[in-house]
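Inside the fold
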Number of protein chains: 2
Amino acid sequence: MATLKDVAQLAGVSPRTVSNVVNDQPYVAAETRARVEAALAALDYRPNQLAKSLRTGRIGLLGFVVPDLAQSHFARLAAEVVQAATARGYTVAVDQTHGDIERERRLIQLGPRGAMFDGAIFHPEALRAEDIEHRESEFPLVLVGERIAGDHLDHVYIDDRAAAYEATKKLIADGHRRIAAIGLRRADYARTAHLREEGVRAALAEADGVAAGHHQYVERYDAEDGYEAMANLVDSAERPDAVICFNDMLAMGALRRLHEHDVDVPGDMALVGFDDITEASFSFPPLTTVAADHAQIAETAVKALIGRIGDPGGAVQEYLVSHRLVVRGSTRG
Amino acid sequence: MATLKDVAQLAGVSPRTVSNVVNDQPYVAAETRARVEAALAALDYRPNQLAKSLRTGRIGLLGFVVPDLAQSHFARLAAEVVQAATARGYTVAVDQTHGDIERERRLIQLGPRGAMFDGAIFHPEALRAEDIEHRESEFPLVLVGERIAGDHLDHVYIDDRAAAYEATKKLIADGHRRIAAIGLRRADYARTAHLREEGVRAALAEADGVAAGHHQYVERYDAEDGYEAMANLVDSAERPDAVICFNDMLAMGALRRLHEHDVDVPGDMALVGFDDITEASFSFPPLTTVAADHAQIAETAVKALIGRIGDPGGAVQEYLVSHRLVVRGSTRG
DNA sequence: CAGTGCTCTTGCAACGTTGAAAGACAGTGT
DNA sequence: ACACTGTCTTTCAACGTTGCAAGAGCACTG
């Protein structure tokens, strides 16, 4: 692998001049530039990014850390983050925590992998507010997803309360009269779940003649949990005629249970999810769901992170990203 | 950020000794080690990976390059690759080509991002055999997916021909008598498609009284294409009673078309896909599909790549990974 | 008591790049 | 002839680490 020195020798100039040519500095004589460029081509010179980074302090690498890349919500986010980062000259390294709280704590403190990154975008799963409050590191970090950070870290989020409120309103408008939610959490750090719950309750409280079903608590947020939760509802004496699931995987599981019980969706029961994962549009019926704008989240997070890298001391910011209800076959209308 | 030098000064030893402590070298006196460790803790020393890499030549970073991370097949692969690489002390950087052939060509030659990686795992989309034959770079690269490399690059693949053969055999065994395929490609570089086609034809040729349906050519491999292709089959005079789609997204699109035409699956028509993406288990009915072992592919590719990094000149190898038919509701039996 | 071997520690240079600043040269004005 | 300006080029050191080789101290050997 040719270095600046090799090229310099071949072209008969100093390494510094070669560097100037490579980096398009002014004040290089046309004749010299030509000679150097010939040498560059002859040796097939490619700059050593490592050495460059060591010298300049900028690595051009962003971390993107999620619980599990295989979950389509995170995969789509990752795709958009890579896109947005690439457009700005950064490469993205991915890491998975699998919800391991120790790993997440370490990450918050150190940044991923001994901070071989300029900064990171992090979607925590198990982390709590207090973990973030005690953060000492200066490592540039932007949080996505759960809104647990208080005022301590930059954060990109959607208005979960409003989204749940709107989804519930729509079910009421469609004529449903008993509405349950699947996906509540008891733990007080599960902010997102609580906000969605609030939204649902607010909408129900405003409506006349609409009852709340037996809201279902779950441990994880996967299809299995949705399948189990729906078991409690489908044969209940007070079976709801509409159910809001706090993510799409829960809804997928719930839907499977409904199929097995020959419950017509949305005739007998309407179903709404959250996240708009790709599975949602291929279920039968396709799922009505609250879609955050993945591209906008990614774009915002990357921009925020790069801004933070450039200004480590600046004021912490929150970024609100829009959402919308994607109406498909699992609801009427 | 504290450096070896700072720690050395505080501990009253040379930087080299601190390095020895950090890297657990033998021949450090217990007393010295203790003093250095105290200093390390006091200054919260963390090694600069960049400097280390510059010196040692090993970066600890693997590239993983796919057409589009949002596609669940690639997302799952990515998740497993990250897992396997992490277990071996490597970090994974992800890049997307979106099927851009120029980008893929560049990648084959240079490695991603000016080779700021130790090596890369690459799932090409548009690349052809001749692009690889003319490769000059020594950059450690392992291919996954399309088997286009000939003997020029390490490659991890499944036996597509056998997989398609087995799937077709199963349909025949289930009593289907007219079997069509969706997903054929005209271009001669689309090896995977051709192999699957061969497998289907071989199984059909062996069977008595089983006809081939009108095999469908497609441009891309997405739901839209499957939806369109099925339009040609569903109302045809010679409607097949079973269809093999060369990936799951094609099958998803086909399934949607069947729903719209009120065709019972699998009663009136059975459906088989390839890849076992998560969507496949949540469609209605859930999709029977050929599943490659993602974990095994990832594990094999990472191992192969790390091996290649350690031995750039070694003989090129091919790795065959197992597959199996996941039988779900879209087929009988 | 020189020679040998063992443990522990250090100094130096190097990885490939760039920032800072000085040097070389030609042209211009006085 | 001299200072000054502007263009072009180079020198030097530094980023933080580790490989190499040598040095220091000590005990044991013959």
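Residues numbered from 1 in each chain as written. Chains lettered and ligands numbered in written order. Predicted model: local features only at pLDDT ≥ 70, side-chain atom pairs only at ≥ 80, totals over all residues.

A short note on the overall build of chain A
Counted only if it meets this: Only DSSP runs of H or I covering at least 4 residues are called helices, and only runs of E covering at least 2 are called strands; the numbering of each starts at the N terminus. Note on contacts: each residue gets a C-beta atom placed from the backbone, and two residues are in contact if those atoms are within 7 Å.
Helix and strand counts for chain A stand at 13 helices and 13 strands. Projected onto its principal axes, the C-alpha positions of chain A cover 90 × 40 × 30 Å. Long-range pairs, those at least 24 residues apart, make up 71% of the contacts in chain A with a sequence separation of at least 6.

Considerations on unusual backbone geometry
Defined as follows: Three exposure classes are used. Buried residues have 20 or more other C-beta atoms within 10 Å of their own C-beta, exposed residues have 12 or fewer, and partly exposed residues fall in between, all C-beta atoms being placed from the backbone.
Following V265 of chain A, the chain continues into P266 of chain A via a peptide bond in cis, with omega recorded as 10 degrees. Positionally, P266 of chain A belongs in the loop between α11 (248–260) and β10 (270–274). Cis geometry is found at the peptide bond from F284 of chain A to P285 of chain A, where omega equals -10 degrees. Relative to the assigned elements, P285 of chain A resides in the loop between α12 (278–282) and β11 (288–292). With phi around 50 degrees, D44 of chain A is a residue other than glycine that occupies positive phi space. Structurally, D44 of chain A can be placed in the loop between α3 (30–43) and α4 (49–56). Take D44 of chain A: there are 12 C-beta atoms within 10 Å of it, and that puts it in the exposed class. At D276 of chain B, a position not held by glycine, the phi torsion is positive, near 55 degrees. Mapped onto the fold, D276 of chain B is located in the loop between β10 (270–274) and α12 (278–282).

Description of the relation of the copies chain B and chain A
Our working definition: Our superposition of the copies is a least-squares fit, built on the C-alpha atoms of residues whose pLDDT is at least 70 in both.
Each copy of the sequence occupies a distinct position, and chain B is placed on chain A by a rotation of 180 degrees and an axial shift of 0.0 Å, giving an RMSD of 0.1 Å. Read as a symmetry element, the transformation amounts to a two-fold axis. Every residue of chain B has its C-alpha some distance from the rotation axis, and the shortest such distance is that of A93 of chain B, at 1.9 Å.

Details of the packing of helix α2 (residues 15–22) of chain A against α3 of chain A
All names here are of chain A. Put simply, the test is: Axis definition: a line fitted to C-alpha atoms, over the contacting stretch in the case of helices. Angles run 0 to 180 degrees between N-to-C directions. By the definition adopted for this analysis, an angle is roughly parallel if under 35 degrees, roughly antiparallel if over 145, roughly perpendicular if from 65 to 115, and oblique otherwise. All amino acids are sorted into three groups, where Ala, Val, Leu, Ile, Met, Phe, Trp, Tyr, Cys and Pro are nonpolar, Asp, Glu, Lys and Arg are charged, and the leftover types, Gly among them, are polar.
Two elements in contact, α2 and α3, have axes separated by 10 Å at closest approach and are oriented at 90 degrees. In this view, α2 runs roughly perpendicular relative to α3, as classed from their interaxial angle. Residues T17, V18 and V21 of α2 form the contact with α3, whose own contacting residues are T32, R33, V36 and E37. Classifying every residue of the contact of α2 with α3 by side-chain character gives 3 nonpolar, 2 polar and 2 charged.

Some details on the interface of chain B and chain A
Put simply, the rule is: We treat two strands as partners when DSSP finds at least two bridges between them.
Every contact between the two is made by 35 residues of chain B and, on the other side, 36 residues of chain A. The residue makeup of the side of chain B that touches chain A, split by class, is 19 nonpolar, 10 polar and 6 charged. Strand direction decides the pairing type here: strand β2 (residues 91–96) of chain A and strand β2 (residues 91–96) of chain B, joined by 3 bridges, are antiparallel. Looking at the pairing, A93 of chain A lines up with A93 of chain B of β2 of chain B.

Regarding the environment of E238 of chain A
Residue and element names in this part refer to chain A. Counting through the fold element by element, E238 comes out in the loop between α10 (223–234) and β9 (242–245). Given 11 C-beta atoms within 10 Å, E238 falls into the exposed group. In this structure the C-alpha to C-alpha distance between E238 and L305, which are 67 residues apart in sequence, comes to 48 Å. Once residues lying within four places of it in the same chain are set aside, the contact partners of E238 are R178, G213 and H214.

A look at the sheet that holds β2 of chain B
Taken in spatial order, the 12 strands make up an open sheet running β12(A)-β5(A)-β4(A)-β3(A)-β1(A)-β2(A)-β2(B)-β1(B)-β3(B)-β4(B)-β5(B)-β12(B), and their pairing is mixed. Of all the strands in the sheet, the pair left with one neighbour each is β12 (318–321) of chain A together with β12 (318–321) of chain B. On average, adjacent strands in this sheet sit at an angle of 20 degrees to one another, irrespective of strand direction. Note: strand β1 (residues 61–66) of chain B against strand β3 (residues 119–122) of chain B, 4 bridges, orientation parallel. Looking at the pairing, F64 of chain B lines up with I121 of chain B of β3 of chain B.

Some points on the protein's contact with DNA strand D
What counts is decided by this rule: Should the C-beta atom of a residue, placed from the backbone, lie within 6 Å of a molecule or strand, that residue is near it.
If you check the shell around DNA strand D, you find 26 residues, and the closest are T32 of chain A together with L4, S19, N48 and A51 of chain B. Sorting the residues of the surface near DNA strand D by element identifies α2 and α4 of chain A together with α1 (4–11), α2 (15–22) and α4 (49–56) of chain B as the ones contributing at least two each. The dominant element in the surface near DNA strand D, judged by the number of residues it contributes, is α4 of chain B, at 5 residues. Looking at the surface near DNA strand D residue by residue, the classes come out as 11 nonpolar, 9 polar and 6 charged.

Observations concerning the protein's contact with DNA strand C
The local shell around DNA strand C holds 25 residues, among which L4, S19, N48 and A51 of chain A together with T32 of chain B are the closest. Broken down by secondary-structure element, the contributors of at least two residues to the surface near DNA strand C are α1 (4–11), α2 and α4 of chain A together with α2 and α4 of chain B. Counting residues per element, the surface near DNA strand C draws most heavily on α4 of chain A, at 5 residues. For the surface near DNA strand C, the class distribution of residues is 10 nonpolar, 9 polar and 6 charged.

Side note on the environment of T192 of chain B
Residue and element names in this part refer to chain B. In this fold, T192 is placed in helix α9 (residues 191–206). Here T192 falls in the buried class, since 22 other C-beta atoms lie within 10 Å of it. Residues T192 and I158 lie 34 residues apart in sequence; the distance between their C-alpha atoms is 9.6 Å.

Comments concerning the domain arrangement of chain A
How big an interface is tends to be expressed through the accessible area that disappears when the partners come together. Residues and elements named next belong to chain A. Quick note on the threshold: Residue ranges assigned to each domain were obtained from an automatic or database domain assignment.
Taken as a whole, chain A is organised into domain 1 (4–47), domain 2 (60–157 + 294–321) and domain 3 (160–293). Facing the 12 residues of domain 2 at the interface are 9 residues of domain 3. Among the secondary structure elements, those contributing two or more residues to the side of domain 2 that touches domain 3 are α5 (72–87) and α13 (294–310). Considering every element that reaches the side of domain 2 that touches domain 3, the biggest residue donor is α13, with 4 residues.

Some words on the pairing of strand β4 (residues 141–144) of chain B
Residue and element names in this part refer to chain B. Side chains L141 and L143 project from β4 onto one buried face, and the interleaved V142 and V144 project onto a second face that is buried too. Two elements, β3 and β4, share 3 bridges in a ladder whose sense is parallel. Bridge pairing in β4 places I121 opposite V142. By the bridge criterion, 3 bridges tie β4 to strand β5 (residues 154–158) in an arrangement that is parallel. Within β5, the position partnered with V144 by the bridge is V156.

Considerations on the confidence of the model for chain A
The cut-off we apply is this: For every residue, the predictor states its confidence as a pLDDT score lying anywhere from 0 to 100.
When the pLDDT values of chain A are averaged, the result is 92; 98% of them are 70 or greater. Mean pLDDT across the elements of chain A bottoms out in helix α7 (residues 129–133) of chain A (81) and peaks in β9 of chain A (98).

Thoughts on the pairing of β10 of chain A
Residue and element names in this part refer to chain A. As a reminder of what qualifies: Looking down the strands as they point away from the viewer, one classifies a crossover as right-handed if the path from the first strand across the helix to the second runs clockwise.
In terms of burial, β10 is largely enclosed, as 5 of its 5 residues are buried. Where burial is concerned, the two faces of β10 agree: the one with A270, V272 and F274 and the one with L271 and G273 are both buried. With 3 bridges connecting them, β9 and β10 associate as parallel partners. Within β10, the position partnered with V243 by the bridge is L271. Viewed along the sheet, the connection from β9 through α11 into β10 turns out right-handed. Inspection of the sheet shows β10 paired to β11 by 3 bridges, in the parallel sense. Considered in β11, the bridge of F274 is made with V290.

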